[in-house]
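Residue-level structure breakdown
Chain residues, written in single-letter form:
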Amino acid sequence: MATTIDSLLGVHEQALIYRSKRAEVLASNMANADTPGYKARDFDFKSVLHNLNTPAGHVKQTNSKHIALDKTPASVSLAYRIPISASLDGNTVDTQVEQANYAQNAMDYQASLRFVNGKISGYLSALRGD
Amino acid sequence: MSLYNIFDIAGSGMSAQSTRLNIVSSNMANAETVSSSTGETYRARQPVFGAVLQDAMSSQRAASKGVRVLGVVESQAPLRQEYSPQHPMANGEGYIFKSNVNMVEEMTNMMSASQSYKNNVEMLNTAKQLLQQTLKIGQ
């Protein structure tokens, strides 16, 4: 049974990358809560997941100069958030919404961490055989 | 590792908000300053924030890298003109000019700035906790 560390961690590695990217985007939204004209942004989870699952992404590279398809969550375009209420200065950041999303994202990140830790400890106990 | 970028973003937010607090305190300290001409009188100041863009080529993909103070603008609201010939700063016609600082405006501005500052601190703390947990993977 050939098991690499990549196949062991499965989707959780990508999930961690996605959550950390999203944390960055939400952080810049909150930092710009008072910037006139700033538009709040976020990832569309559906398109991120779709991007990871499309088999068309596995393009054969027959030459070292071929560019590999970027499958990381960051390659998905950021979307703009639809504001709940309009503001006079054109800013669409709702601090409460961003805070809630940030908290949820932090919890999701910790959940992914836990999955990764569980996989690793399972692997280790299989190696030790005890 | 993009969680590290949160330190930069939150840092830029804290720096911008503390500049705003600084300007608010300067406005409040100068609220009662008096002069004899419109040109010399202290006018209320406001910082203007702008988002720092990661890089122009990938603006569609990347989020902004934080916030910065683009500049400080002076309020164009009318000054408070008062007739008081006994005042040592009164001009030839007996008028003095007081600054156009609105105390209520400044107080709300101060509360908003301190709340935003706290937001950035909390954000940084959460990112720090997540990073510490990430460092402990597999232990």
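Residues numbered from 1 in each chain as written. Chains lettered and ligands numbered in written order. Predicted model: local features only at pLDDT ≥ 70, side-chain atom pairs only at ≥ 80, totals over all residues. Heavy atoms only, no water.

On to the side chain of A:Asn91. Among the structural elements, A:Asn91 can be located in the loop between β2 (79-80) and α4 (95-128). Taking relative accessible area as the criterion, A:Asn91 reaches 7% and is therefore assigned buried. (Helix = DSSP H or I, 4+ residues; strand = E, 2+ residues; numbered from the N terminus. Buried < 20%, exposed > 50% of the residue type's maximum accessible area, 1.4 Å probe, protein only.)

Where strands meet in a sheet, backbone hydrogen bonds hold them as pairs that are either parallel or antiparallel. All names here are of chain B. The three strands are arranged β1-β5-β4 in an open sheet whose pairing can be described as antiparallel. A strand with exactly one partner marks an edge of an open sheet, and here the two such strands are β1 (34-35) and β4 (80-83). Where β4 lies against strand β5 (residues 95-98), four bridges are found, and the strand directions are antiparallel. Each bridged residue has a counterpart across the sheet, and for Tyr83 the counterpart in β5 is Tyr95. (Pairing = 2+ DSSP bridges.)

With that out of the way, let us pick up the nonpolar core. Of all hydrophobic cores here, the largest spans 25 residues; its most connected members are A:Ala27, A:Tyr102, A:Tyr109, B:Leu3, B:Ile6 and B:Met123. Among the secondary structure elements, those contributing two or more residues to this core are α1 (5-9), α2 (11-31) and α4 of chain A together with α1 (2-29) and α2 (103-135) of chain B. In this structure, B:Leu3 is in contact with A:Ser20, A:Ala23, A:Tyr109, B:Ala127, B:Leu130 and B:Leu131, ignoring residues within four places of it in sequence. Counting residues in each nonpolar core, the second largest holds five residues, with A:Tyr18, A:Val25, A:Val48 and A:Leu78 among its members. (Core = buried A, V, L, I, M, F, W, Y, C linked by side-chain atoms within 4.5 Å. Contact = heavy atoms within 4.5 Å.)

Residues and elements named next belong to chain A. Here Tyr123 shows up in helix α4. Given the relative accessible area of 31%, Tyr123 is considered partly exposed. Through-space distance from the C-alpha of Tyr123 to that of Leu8 is 8.3 Å; in sequence the pair is 115 residues apart.

This paragraph deals with the interface of chain A and chain B. How big an interface is tends to be reported as the loss of accessible area on association of its parts. Taken together, the contact between chain A and chain B spans 32 residues of the former and 35 residues of the latter. Between chain A and chain B, a total of about 2600 Å² is buried, with carbon and sulfur atoms accounting for 56% of that surface. Linking chain A with chain B are one salt bridge, by the criterion used here. A salt bridge links B:Arg20 to A:Asp34; its shortest N-O distance comes to 3.0 Å. For the pair chain A and chain B, the interface holds 12 residue pairs in polar contact (both at pLDDT 80 or more). Contributing elements (two or more residues each) for the side of chain A that touches chain B: α2 and α4 of chain A. Counting residues per element, the side of chain A that touches chain B draws most heavily on α4(A), at 11 residues. Of the residues assigned to the side of chain A that touches chain B, the class counts are 17 nonpolar, 10 polar and five charged. (Buried area = accessible area lost by both parts, 1.4 Å probe. Salt bridge = Lys/Arg side-chain N within 4 Å of Asp/Glu carboxyl O. Polar contact = N/O pair within 3.5 Å; in protein donor to acceptor, adjacent residues only side chain to side chain. Nonpolar A, V, L, I, M, F, W, Y, C, P; charged D, E, K, R; others polar.)

Here we come to the packing of aromatic side chains. Summed over the entire model, instances satisfying the criterion amount to four aromatic pairs over all chains. Geometrically, the ring pair formed by A:Tyr18 and A:Phe45 is tilted, given 5.5 Å between the ring centres and 55° between the ring planes. Taken together, the residues span a long stretch of sequence, with A:Tyr18 in helix α2 and A:Phe45 in helix α3 (residues 45-53) at a distance of 27 residues. Note on B:Tyr4 and B:Phe7: the rings are 6.3 Å apart at their centroids and 35° apart in plane angle, and the pair reads as tilted. Taken together, the residues span about one helical turn, with B:Tyr4 and B:Phe7 both in helix α1 at a distance of three residues. (Phe/Tyr/Trp six-rings, centres within 6.5 Å; stacked < 30°, edge-to-face > 60°.)

Judged from the two bridges that link them, β1(B) and β5(B) form a sheet pairing that is antiparallel. By the bridge assignment for β5(B), B:Val34 is matched with B:Lys98.

Take the confidence of the model for chain B next. On average, residues of chain B carry a pLDDT of 89, and 92% of them reach 70 or more. Model confidence for the complex is summarised by a pTM of 0.84, with the ipTM given as 0.84. (pLDDT = per-residue confidence, 0-100.)

A word on the packing of α1(B) against α2(B). All names here are of chain B. One way to put it is that α1 packs onto α2 with a least axis distance of 9 Å and a crossing angle of 160°. One element, α1, and the other, α2, form an angle in the roughly antiparallel class. As for how α1 packs across α2, the hand of that crossing is left-handed. (Axes fitted to C-alpha atoms, helices over the stretch in contact; angles between N-to-C directions. Parallel < 35°, antiparallel > 145°, perpendicular 65-115°, else oblique. Left-handed = near helix turned anticlockwise from the far one by under 90°.)

So, on to α4(A). Residue and element names in this part refer to chain A. Between its terminal C-alpha atoms α4 stretches 49 Å, which fits the 50 Å expected from 34 residues at 1.5 Å a residue. All buried positions along α4 are accounted for by Glu98, Asn101, Tyr102, Asn105, Ala106, Tyr109, Ser112, Leu113, Val116 and Ile120. Phi for Gly129, located one or two positions after α4, is positive at around 75°. (Expected span 1.5 Å × (residues − 1).)

All right, on to the pattern of salt bridges then. All names here are of chain A. Across all of its chains, the model carries seven salt bridges over all chains by this definition. For Arg22, the salt bridge is made with Asp42, and the minimal N-O distance between the two is 2.9 Å. On the criterion of sequence distance, the pair formed by Arg22 in helix α2 and Asp42 in strand β1 (residues 41-42) is long-range, its members being 20 residues apart. Both residues of the pair, Arg22 and Asp42, belong to the buried class. Asp42 is the salt-bridge partner of Arg81, the closest N and O atoms lying 3.2 Å from each other. In this pair, Arg81 sits in the loop between β2 and α4 while Asp42 sits in strand β1, placing the two residues 39 residues apart along the sequence. Taken together, the shared-partner salt bridges connect Arg22, Asp42, Arg81 and Glu98 into one network.

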